[in-house]
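Coordinate analysis (summary)
Here's the letter readout for the chains.
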Amino acid sequence: MARSSECTEQYAQKVFDSAGIVRDAILRQLSLPNCAVVSLDVLIRPETPDDYAAIREVNLAAFGSLLEAALVERLRDDGLVIASLVAVDDAGQVVGHILFSPVMTMATEGDQMQVASLAPMSVLPSRQRRGIGSMLVEHGIELCRRAHYHAIVLVGHPSYYPRFGFTHALVVGLKNPFAADEAFMGLELVRGALSEIEGRVVYPEAFYQLS
Ligand SMILES: CC(C)(COP(=O)(O)OP(=O)(O)OC[C@H]1O[C@@H](n2cnc3c(N)ncnc32)[C@H](O)[C@@H]1OP(=O)(O)O)[C@@H](O)C(=O)NCCC(=O)NCCS
């Protein structure tokens, strides 16, 4: 995997050649600290307003419903985005998306901490099982780390997220509002950030339109 520091002019030229995208714009994106080329033909970068419609389509195609797209849009409108990343192929098409937003842990003794929530994430069905989802998760975790978040929580497939270090064991002391058991998982970016809390996680209003 090539990282941002290894983003090359050749890659920009390749995108330009194949998609007719202005080369300087690509070079500007590649120079962003949170941009990464993840394979020869997929780039992970932050969303821009030009991506909004495509993000909606990717979520719709992956989930078969508009609920997750609506969640993305509501979190965006509410200013609750830590990172919203797209995977873009060498034709300039958005093929994957992931969003991280802030939620609160409330300890029973009263302490509160803002942690990151991973939700939703989606990859176009025709592009799944090629590592795009993994790259979105890994890149997003790194951005949360750089933003000084101590932990990330999610409700997701119990057989998918453990490969990135998420476990249910880390959040057994935390109640979640979705009544998720094994599907509720956490990842500590600072040791003890989750495992030492007894309490609950409070999600913003946007998440309740999902249920
Ligand atoms: C989950 C998802 C984002 C993964 O994207 P991806 O690009 O295919 O992921 P990767 O290529 O990095 O990883 C593929 C792995 O994910 C696994 N996977 C995909 N969907 C899964 C699911 N529903 N449950 C468990 N594992 C799943 C595949 O079996 C594959 O496992 P393998 O590597 O052991 O063969 C994609 O399948 C998707 O968009 N699914 C529909 C929407 C969704 O469920 N989003 C997540 C909500 S928690």
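A few points on the structure. No experiment lies behind these values; they were computed from the predicted model shown. (Residues numbered from 1 in each chain as written. Predicted model: local features only at pLDDT ≥ 70, side-chain atom pairs only at ≥ 80, totals over all residues.)

**Some remarks on the site of the ligand**
The condition that has to hold: Near, as applied to residues and a molecule or strand, means the residue's backbone-placed C-beta atom lies within 6 Å of it. Runs of H or I in DSSP of at least four residues are treated as helices and runs of E of at least two as strands, each being numbered from the N terminus. Each residue gets one of three labels, nonpolar for Ala, Val, Leu, Ile, Met, Phe, Trp, Tyr, Cys and Pro, charged for Asp, Glu, Lys and Arg, and polar for the others, Gly among them.
In the region of the ligand, 17 residues are neighbours, and Gln 128, Gly 133, Ser 134, Gly 156 and His 157 sit closest. Contributing elements (two or more residues each) for the shell around the ligand: helix H3 (52-63), strand E5 (112-123) and helix H5 (132-146). The element contributing the most residues to the shell around the ligand is E5, with four residues. Split by residue class, the shell around the ligand holds seven nonpolar, eight polar and two charged.

**Regarding the packing of H3 against helix H4 (residues 67-77)**
Let me state the cut-off plainly: For helices, the fitted axis covers only the stretch in contact; all axes are lines through C-alpha atoms, and the angles between them, taken along N-to-C directions, range from 0 to 180 degrees. Contacts here follow a simple rule: the backbone-placed C-beta atoms of the two residues must lie within 7 Å.
Look at H3 against H4: their axes get within 7 Å of each other, and the N-to-C directions meet at 145 degrees. From H3, Ile 55, Arg 56, Asn 59, Leu 60 and Phe 63 reach across to H4, where they touch Leu 67, Glu 68, Ala 69 and Val 72. Split into classes, the residues belonging to the contact of H3 with H4 amount to six nonpolar, one polar and two charged.

**Describing the nonpolar core**
For clarity, the cut-off: Among buried residues, those of type Ala, Val, Leu, Ile, Met, Phe, Trp, Tyr and Cys that are joined through C-beta atoms within 7 Å form a set called a nonpolar core. With C-beta atoms placed from the backbone, a residue counts as buried when 20 or more other C-beta atoms lie within 10 Å of its own, as exposed when 12 or fewer do, and as partly exposed for counts between those limits.
With 54 residues, the main nonpolar core has Ala 87, Leu 136, Ile 152 and Leu 154 as its most contacted residues. Sequence-distant contacts of Leu 136, that is, excluding residues within four places in its chain, are made with Ile 44, Leu 85, Ala 87, Gly 96, Ile 98 and Met 121.

**Quick look at H3**
Going by this rule: One less than the residue count of a helix, multiplied by 1.5 Å, gives the span that helix is expected to have. When we speak of the arc, we mean the arc of directions from the helix axis to the C-beta atoms.
When the terminal C-alpha atoms of H3 are compared, their 17 Å separation across 12 residues agrees well with the 16 Å that a helix rising 1.5 Å per residue should span. Here H3 has its buried residues at Ile 55, Val 58, Asn 59 and Ala 62. The buried residues of H3 occupy an angular sector of 95 degrees when the element is viewed end-on, so they sit on one face. Tucked inside the fold, the buried residues of H3 contact H4, strand E3 (83-89), strand E4 (94-107) and E5. Backbone geometry just after H3 places Gly 64 at a positive phi near 70 degrees.

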